Amino acid sequence: MKFNDLVSKIKKLKKDRGAIILAHNYQLPEVQEIADFLGDSLELSRIASHTDAKVIIFCGVHFMAETASILCPNKKVILPDIDAGCPMADMITAEDVKRLRDKYPEAVFVGYVNTSAEVKAELDFCCTSTNAVELVKNIKSKREIVFIPDKYLADYVSQKTGKKIISWHGFCPTHIKILKEDIIREKKLHPQAKVIAHPECIREVIGLADEVISTSKMVKFCSQTDAKEIIVATEVGIIYRLKKENPFKTFYPASERAICPNMKRITQEKILFALEDLKPEVYVADRIRKKAKKAIEAMFKIL
Ligand code: 13P
Ligand code: SF4
């Protein structure tokens, strides 16, 4: 099928189905180009919960589509490739969290949005990379804090809040590919450049960054900064959006190896099939959904 045929078919079918297309900042350029909204995990869940559309085509990974389904049970949430998962989210199960609860019965449990619905159902608070530091700062209780599953994000939050945090051994296989040596090399090559890093990066990388921020904050920072050159320490897919929105600035990926294969599974063709068949659907059953929603609402309440 020719490119334009595909795009016009998607547009027409989207209208017929009363659908919107949401895409994460790491998606392929061909997906970003046809999305109604681009954003990070927090922004996309907010848009999902406020839209009037009956169908949400979620171009991201499984936990993001699940979060949309938790927030809007009456909408059909479609993930165009059902195998687009997040290895970090798969590094902890609800059983693991229950065991941690037995071990730390007094603790407050905070979990990254990069978790399954079953795991969210066992948490007190859910958070995203945009608000993890603020959320933990705002927990007034003196109880200890368990933060799962990302040990690097947990470490960063502990550093920023000065609070002792009990972490899990999860990590993002894409972000740990960015090494301290990559940042040192890029800084040498581009001495005027600012370095922005995602908090899923390892500590040595975070230590060399000018800004440690989520993908939505990266988008904002890059449009507002006076810097003309920026080294980007996160998944490379975001650079397409950054270049498009800032044509007079130059962006350098900290490492070309920082590619999330799951984020690249969705294509225009799969979006068209998803709109034709209205599947694969991601649906969270009520029993889990109600408990998981509480942790997400607790996040919205304290921030
Ligand atoms: P953001 O919420 O910052 O977009 O991060 C999501 C993610 O999966 C990062 O790897
Ligand atoms: Fe998961 Fe890492 Fe991919 Fe984000 S970049 S979806 S954390 S594997």
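Just above, that's the structure.
Residues numbered from 1 in each chain as written. Chains lettered and ligands numbered in written order. Predicted model: local features only at pLDDT ≥ 70, side-chain atom pairs only at ≥ 80, totals over all residues. Heavy atoms only, no water.

Asker: Looking at this structure, I do not really get the sheet that holds strand β4 (residues 76-78). What am I missing?
Answerer: Backbone hydrogen bonds are what pair the strands of a sheet, in a parallel or an antiparallel way. Strand order in the open sheet formed by 4 strands is β2-β1-β3-β4, and the pairing between neighbours is parallel. Here the strands that pair on one side only, and so sit at the sheet edges, are β2 (37-39) and β4. This sheet shows a mean twist of 25° between the axes of neighbouring strands, independent of strand direction. Bridge count for strand β1 (residues 19-24) against β2 is 3 bridges, and the pairing is parallel. Its bridge partner lying in β2, Leu 22 is registered against Phe 37. With respect to the sheet, helix α13 (residues 268-277) is in contact with β1, β3 (55-59) and β4, its orientation differing from that of β3 by roughly 160°. (Pairing = 2+ DSSP bridges. Helix = DSSP H or I, 4+ residues; strand = E, 2+ residues; numbered from the N terminus. Axes fitted to C-alpha atoms, helices over the stretch in contact; angles between N-to-C directions. Contact = heavy atoms within 4.5 Å.)

Asker: Explain the side chain of Ser 45 to me, please; I cannot follow it from the model alone.
Answerer: Position of Ser 45 relative to the elements: it lies in helix α3 (residues 41-50). Judged by its relative accessible area of 6%, Ser 45 falls in the buried class. Once residues within four sequence positions are removed from consideration, Ser 45 is found in contact with Thr 67 and Leu 71. (Buried < 20%, exposed > 50% of the residue type's maximum accessible area, 1.4 Å probe, protein only.)

Asker: How should I be thinking about the site of ligand 2 in this particular structure?
Answerer: Every residue close to ligand 2 is listed here: Tyr 26, Val 61, Cys 86, Pro 87, Asn 114, Cys 172, Glu 200, Cys 260 and Met 263. When grouped by side-chain class, the residues that make up the shell around ligand 2 number 7 nonpolar, 1 polar and 1 charged. (Near = heavy atom within 4 Å. Nonpolar A, V, L, I, M, F, W, Y, C, P; charged D, E, K, R; others polar.)

Asker: Any chance you could explain the pattern of salt bridges here in plain terms?
Answerer: Oppositely charged side chains can form a pair if their charged atoms are brought close together. This model, assessed by the stated rule, comprises 20 salt bridges. For Arg 203, the salt bridge is made with Asp 155, and the minimal N-O distance between the two is 3.5 Å. Residue Arg 203 is located in helix α10 (residues 203-206), and its partner Asp 155 is located in helix α8 (residues 151-161); the two are separated by 48 residues in the primary sequence. Given the relative accessible area of 25%, Asp 155 is considered partly exposed. Connected through shared salt-bridge partners, Asp 81, Asp 83, Arg 265 and Lys 270 make up one network. (Salt bridge = Lys/Arg side-chain N within 4 Å of Asp/Glu carboxyl O.)

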